[in-house]
Amino acid sequence: MTQTAPVMRDPGEDGRFGDFGGRFVPEALIPACEELHDAFRDAWTDDAFREEFHHVLREFGGRPTPITYLARLSESLGVRVYAKREDLAHTGSHKINNVVGQTLLTRRMGKTRVIAETGAGQHGVATATAAARLGLDCTVYMGELDTQRQALNVFRMELLGAKVVPVTSGSRTLKDAVNEAMREWVTCVDDTHYCLGSVMGPHPFPWMVREFQSIIGHEASRQMAELGVGTPDVVVACVGGGSNAAGIFAGFADSTAELVGVEAAGGAAISGGQPGVLHGMKSMLLQSESGQIEEAESISAGLDYPGIGPEHAHLAAIGRARYVGMADEPVIEALQLLSSSEGIIPALESAHAVAWIAREAGREIPSGSTVLLNLSGRGDKDVAQVRDILKGRS
Amino acid sequence: MTQTAPVMRDPGEDGRFGDFGGRFVPEALIPACEELHDAFRDAWTDDAFREEFHHVLREFGGRPTPITYLARLSESLGVRVYAKREDLAHTGSHKINNVVGQTLLTRRMGKTRVIAETGAGQHGVATATAAARLGLDCTVYMGELDTQRQALNVFRMELLGAKVVPVTSGSRTLKDAVNEAMREWVTCVDDTHYCLGSVMGPHPFPWMVREFQSIIGHEASRQMAELGVGTPDVVVACVGGGSNAAGIFAGFADSTAELVGVEAAGGAAISGGQPGVLHGMKSMLLQSESGQIEEAESISAGLDYPGIGPEHAHLAAIGRARYVGMADEPVIEALQLLSSSEGIIPALESAHAVAWIAREAGREIPSGSTVLLNLSGRGDKDVAQVRDILKGRS
Amino acid sequence: MNSLERHLRERRDAGQSSFVPYLMAGMVPDWRDHLEALVAAGAAAVEVGVPFSDPILDGVVIQRAALASLEAGTTPEGVFAELARRPLGVPVIVMTYFNIFHHLGMERSASLLHDAGVSGVIIPDLTLEEAGPWREAVTGRDIDTVLLVAPSSPEARVEKIARAAQGFVYAASRMAVTGQAEDTGDAGAVVDRVRRHSDLPVFVGIGISTPEQARHAYSIADGAIVGSALVDRVLRGMSALETEAFARDFVL
Amino acid sequence: MNSLERHLRERRDAGQSSFVPYLMAGMVPDWRDHLEALVAAGAAAVEVGVPFSDPILDGVVIQRAALASLEAGTTPEGVFAELARRPLGVPVIVMTYFNIFHHLGMERSASLLHDAGVSGVIIPDLTLEEAGPWREAVTGRDIDTVLLVAPSSPEARVEKIARAAQGFVYAASRMAVTGQAEDTGDAGAVVDRVRRHSDLPVFVGIGISTPEQARHAYSIADGAIVGSALVDRVLRGMSALETEAFARDFVL
Ligand SMILES: Cc1ncc(COP(=O)(O)O)c(C=O)c1O
Ligand SMILES: Cc1ncc(COP(=O)(O)O)c(C=O)c1O
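Residues numbered from 1 in each chain as written. Chains lettered and ligands numbered in written order. Predicted model: local features only at pLDDT ≥ 70, side-chain atom pairs only at ≥ 80, totals over all residues. Heavy atoms only, no water.

J.: Residues and numbers for the interface of chain B and chain C, please.
T.: The partner chain C presents 34 residues to the 37 residues of chain B that form the contact. Contact with chain C buries area across many residues of chain B, yet Glu 27, Arg 183 and Gln 292 of chain B alone supply 25% of it, more than any other trio. Where chain B meets chain C, there are 4 salt bridges. Glu 27 of chain B serves as the salt-bridge partner of Arg 157 of chain C, at 2.5 Å between the closest nitrogen and oxygen. Seen at the junction of chain B and chain C, the total is 19 residue pairs in polar contact (both at pLDDT 80 or more). Of all elements in the fold, only helix 1 (30-44), helix 8 (174-188), strand 11 (274-278) and strand 12 (281-285) of chain B reach the threshold of two or more residues within the side of chain B that touches chain C. Of the residues contributing to the side of chain B that touches chain C, the split by class is 14 nonpolar, 12 polar and 11 charged. (Contact = heavy atoms within 4.5 Å. Buried area = accessible area lost by both parts, 1.4 Å probe. Salt bridge = Lys/Arg side-chain N within 4 Å of Asp/Glu carboxyl O. Polar contact = N/O pair within 3.5 Å; in protein donor to acceptor, adjacent residues only side chain to side chain. Helix = DSSP H or I, 4+ residues; strand = E, 2+ residues; numbered from the N terminus. Nonpolar A, V, L, I, M, F, W, Y, C, P; charged D, E, K, R; others polar.)

J.: Residue-level account of the site of ligand 2, with values.
T.: Residue and element names in this part refer to chain B. In the vicinity of ligand 2 there are 18 residues, among which Ser 198, Gly 240, Gly 242, Ser 243 and Ser 376 approach most closely. In this structure, an oxygen atom belonging to ligand 2 sits 2.9 Å away from a side-chain N or O atom of His 94. For ligand 2, whose accessible area on its own is 390 Å², the fraction buried by protein is 96%. If you list the elements that add at least two residues to the shell around ligand 2, you get strand 9 (234-239) and helix 10 (243-249). Counting the residues that make up the shell around ligand 2, at least three belong to each of domain 1 (16-56 + 95-205) and domain 2 (62-93 + 215-393). (Near = heavy atom within 4 Å. Areas by Shrake-Rupley, 256 points an atom, 1.4 Å probe, with all protein chains shown as cover. Domains from an automatic or database assignment.)

J.: Any chance you could break down the domain arrangement of chain A for me, citing the residues and the numbers?
T.: Residues and elements named next belong to chain A. Domains assigned within chain A are domain 1 (16-56 + 95-205) and domain 2 (62-93 + 215-393). Inter-centroid distance (C-alpha atoms) of domain 1 to domain 2 is 23 Å. Each partner contributes to the interface: domain 1 provides 33 residues, whereas domain 2 provides 34 residues. Interface area for domain 1 against domain 2, summed over the two sides, is near 2600 Å², with a carbon-plus-sulfur share of 65%. One can count 0 salt bridges joining domain 1 with domain 2. Linking domain 1 to domain 2 there are 11 residue pairs in polar contact (both at pLDDT 80 or more).

J.: For the pairing of strand 12 of chain B, give the residues involved together with the corresponding values.
T.: Residue and element names in this part refer to chain B. Most of strand 12 is tucked away, with 5 of its 5 residues classed as buried. Note that strand 11 and strand 12 share 5 bridges and pair antiparallel. By the bridge assignment, Gln 274 is partnered in strand 12 with Leu 285. The hairpin formed by strand 11 and strand 12 contains 2 residues between the paired strands, and His 279 there has a positive phi angle of roughly 50°. (Buried < 20%, exposed > 50% of the residue type's maximum accessible area, 1.4 Å probe, protein only. Pairing = 2+ DSSP bridges.)

J.: Talk me through the site of ligand 1; I want residue IDs and the actual numbers.
T.: Residue and element names in this part refer to chain A. Taken together, 18 residues lie near ligand 1, and Ser 198, Gly 240, Gly 242, Ser 243 and Ser 376 sit nearest. Ser 198 places a polar side-chain atom, nitrogen or oxygen, 2.5 Å from an oxygen atom of ligand 1. Between Ser 376 and ligand 1, the recorded distance is 2.7 Å, taken from a side-chain N or O atom to a nitrogen atom. Considered on its own, ligand 1 offers 390 Å² of accessible surface; in the complex 95% of this is hidden by protein. Looking at the shell around ligand 1, the elements that each hand over two or more residues are strand 9 (234-239) and helix 10 (243-249). Here the shell around ligand 1 is built from residues that sort into 4 nonpolar, 12 polar and 2 charged. In terms of domain composition, the shell around ligand 1 takes at least three residues from each of domain 1 (16-56 + 95-205) and domain 2 (62-93 + 215-393).

J.: A description of the relation of the copies chain B and chain A should follow, citing residues and the corresponding values.
T.: If you rotate chain B by 180° and push it 0.0 Å along the axis, it lands on chain A with an RMSD of 0.0 Å. One copy is carried onto the other by what is essentially a two-fold rotation axis. Looking at the rotation axis and the C-alpha trace of chain B, the residue lying nearest is Leu 88 of chain B, at 3.1 Å. When you check the interface residues of chain B against chain A, 100% turn up at the interface there too, and the contact is symmetric in its surfaces. (Least-squares fit on C-alpha atoms with pLDDT ≥ 70 in both.)

Okay, structure coming up:
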């Protein structure tokens, strides 16, 4: 038997995933990126660090998250659907995996402060959470529009001891929060780590965040075996920046499972974008004719990102994973479906993956198939919005 | 060695915990209570039922919930505080344990429908959740005032497929929702189980709910041993009806641990009430001079109950546990403290227990003691309210 | 045998059907006048409710009456004092929830009831199994503790209740809380089952709201208890005089 | 050696300090007039920004200019066409983010830049490691790709950058994005480090906003780049004539 290289591999020193990835940042940030790269590489080969990472996720983060067989949904769809329950992780989504890893690394690097960008607030709350636990200073950049739309999450971060800075530049949303965090990082790299929220940004972020999130896939692969199901036919995850998808894909990329990423139709960087450079990485991006980055549009704030992690661009390019867009309407229906048939209210983000399964069961997903759904987060944060949407309709 | 009877024992056929408990319901409900008693007794001695109960809580409910050592809080208080993380259970609190048990029992009894009372909506959401999973019809009675104050939880229950009925009688809050659910149950006992939300009500509810919740204490006792800590010096839980407290006490009632229940000062049935009969049970109740039941008052909706489970009244009477009241102000402070020092935003209910620890560390809790805190739920549901309170102040 | 049971047995044995109306003490300022009107109309006994904040066997009408009464400041001791003031001429049965007596103290309750001339009590949330201490407290005070039988009560339980019953057996016509119903429900079956185990008078209650229904109750049992239909009207402003007229139709 | 580098070396060798002002193309309708005014004032070269939606090395002022320019409909090709229309008389250095060129295509970008007479580019998010394909594309087109050195750049990296640098070395005076600062920050140290490894002209930029600061830059390096201070005033309505006067103070 010849040993083939893993599909989701170590992107090496230059952080390339095929044509994508790399490090496109101001010179001032290069040393910080290199320091981070070295620190992560060192930590990730250090059993003690890995053990602490797993320990914190176990005793603080609620891992392992279970896999739930969705009996009633499966029966009605004619395919066997298993859900990896990231909604049960602390703070309500997979985001905790990444921030626990990055804050531990921050401390290991001798830094005392983290900054982060956030869109609707999920990653900001997660970062503030992990920072509070370690007593790190924390500042979160959030588009001014988002601070208004998600005022409660602003308060949540403040409760957790973080400072929230409204970003007034550009479209005053997530994209600009990333820009602003990068700008700020330039001024404080000495004592500050930039805790990026997804598998995006300059090398080593896409790789590092994928590694931290890969705990999802490794757990799931073991659990599917323990359940006696083995390798699922299809693994499905929603894709904003792509961290939860990368995390679960990492457990199955070298298996026979088909990998499907579901983007918001209004933020479909793979099917609707072109290669480009943004936020320190080369990837697929929504752009205007003249190369300006366009705003993504989706009911789901967590998928409102005009790009996608570079490794996903690569997985799409080599045909290992495919990426589909999902419109808002079937997403709301999928949220209702999962809630009423299984007693799990998914995040709007995660409902994208549910919607794809509901639509394709018996079509692209042959009846009788086994489907592993990454339920990336819980819907509590979205309930008010869904109510307003449904009310607006009736 | 003589074997002594467990402190939290099987209350037998008449459901007495010392002077408290029993079954004070309309004659029409007696057969249903007896059927339930027999069904539960039968199920609880059936390994297959217990295994299914544990299976569902594991794969759907997110159990076992971890124990988190609260390092920074412990350091600042001078006592070692461990938190049993019921906030990580599905739907965000310990309530899921009880409703999973009762809905499985409902199916086992051949009933197809559940009704439940709810105050702020936690138990209603949990019941709707467990009912959705099994495809049971679900109707939730909720005080009309509460349906207005907690409109989002009403929508949440509806998303989960439940029907929510506003209760317009009496004070239009939790107490009246229980009355109404009882009244309704009289009319539909044949096909309907009343899924009561705490260790209260007529026999066998206080016993049954305690047994379902005792998974908390049994897990915690095993986990504390695994952590090498062993029996804690003090076990602390908040007390509304008393189910989360009963659940964790059950793991330590026969140990040397001191047991402390923290009631809302405005709903302190033990320290501020008298023996009486309400909602089918004899227990300690807040009452007027002439025996009318008084409204409890607390910032925390889940502790807004004028009574307490009869077993707690008994544990207090025999001195095995003690119960203290906690005012609103220190509770808010405790919520802020835990959030900013540990990255865990507790439910306002649970923050009562935190507040007691924060106040008594180094006083009633000698420095260096080991304290096990039952963190009964997460604070997401309370964040808006806390914000408004803090805003109102500044 | 206490006087209530003797009185009702005598009526039954004389072939007289008993109309037993219910009113909530304190629900209107002239509640006492309404009681007297009911007696004047021919009530065999009257049931007097003592308001409780959490009446789990009562439907909306009697809940409203209880609320009105509590808001008017009614207390159990006040009610007993009022009843003690002057006898009504027919047996008075007090209906309330157990906490009222428990809170007052069972001995003290029994003594106050006795002093008020009350000859029976109905405590819907005090079933046979829990009634021991209470029955001890009223022993020797000429107070019957009336027990209910429900459509759901299984045979063995009916037998047990029948054996322990005092005064009369309250046959609940349906699985419901108090209110106004369309018919007499399962009353026939319930009464039959009671009769198999007891020779006490059996009265039908819960939902009886028209003279026709009452007459049907009289045809299958020994009496009818009428609550919500009456309470509803009094709450809506029916005068004591009108109450008398309304009640007459229920008397055979 | 390309013409930009030759020009700047000649100035340096002649003892002339170089004032290199920055303006964002399209930020005001008469941006071209402002450029000519800067040349008239004695700019050694001009930096022309091509607006990008996500300028991560720019502070609020230049962000605002980019936004204004984009809102006015500025496109990269439009800017190049405008520059091609008539030479400014001094070297033109285009500053923009890499996606602009990447999207247009590197070959095509290089050719358009060449046709527009542009002799240098600064791409703040294109560092040495990623610059390979780009540098290949501009090879033979007389376009220098200017590289930055930051206060954080370690010695070994400065050496690498210095070796690969073209035109001049951009010495960032501080760990900051573009803007107006109080002083010249760490410029001295950065320039010294660059000089240890390169004999290219070294210009100080980032934060330089007063004639005094520029003069200090001239005393330690070969030139100063002034962006936000100028852009800010133009955005606030400074006329081209006023721009010329303002700029004169920066020229030694
Ligand atoms: C629940 C949930 N799922 C998915 C996402 C999308 O992020 P990613 O694609 O990095 O997993 C988010 C982002 O906020 C989220 O909150
Ligand atoms: C988080 C939480 N803790 C505690 C309680 C109080 O209930 P109990 O005393 O039965 O645990 C509630 C009730 O809603 C709750 O939501």
